[in-house]
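# Residue-level structure breakdown
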Amino acid sequence: MTHLQKIHHLQKFLNQTHHSYYNDFTADIHLYFNDDFTEANPQFAFLHELNSPEAIEQKIAFLLSQFVLKFDAEQETENDFIHYYIGS
């Protein structure tokens, strides 16, 4: 997969309805990326280490599960939390 294909797959995955608490946090992830799903956005550097659509989905599913289990709005911001799990 090219880097742009990975970005587009990530965007598509985030836009899916997941029928769970995940939906509550996908908007936060969009905001983290500034709704800029282009190769120029350096926040997608983490995708270089992921080599398949499944790996991308697993990484984001893990992030979303951590939101559900561990996010504490009184202790951190959504952006800090996301950066901790996927930031480069």
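Residues numbered from 1 in each chain as written. Predicted model: local features only at pLDDT ≥ 70, side-chain atom pairs only at ≥ 80, totals over all residues. Heavy atoms only, no water.

Leu 10, Phe 33 and Phe 46 are the most contacted members of the largest nonpolar core, which has 24 residues in total. Elements with a minimum of two residues in this core: α1 (3-15), α2 (22-32), α3 (53-70) and α4 (78-86). Broken down by element, the residue count for this core peaks at six residues, all from α3. When neighbours within four sequence positions are excluded, Phe 46 is seen to be in contact with Leu 10, Phe 33, Lys 59, Ile 60 and Ile 86. (Core = buried A, V, L, I, M, F, W, Y, C linked by side-chain atoms within 4.5 Å. Buried < 20%, exposed > 50% of the residue type's maximum accessible area, 1.4 Å probe, protein only. Helix = DSSP H or I, 4+ residues; strand = E, 2+ residues; numbered from the N terminus. Contact = heavy atoms within 4.5 Å.)

Tallied over the full model, the rule gives one salt bridge. Among the salt bridges present, the one from Lys 59 reaches Glu 49, with a minimum N-O distance of 3.7 Å. Here Lys 59, found in helix α3, pairs with Glu 49, found in the loop between α2 and α3; they are 10 residues apart in sequence, far enough to count as distant. Looking at Lys 59, the relative accessible area reads 23%, which means it is partly exposed. Owing to a relative accessible area of 56%, Glu 49 belongs among the exposed residues under this scheme. (Salt bridge = Lys/Arg side-chain N within 4 Å of Asp/Glu carboxyl O.)

None of the figures reported here should be taken as evidence of function without further support.
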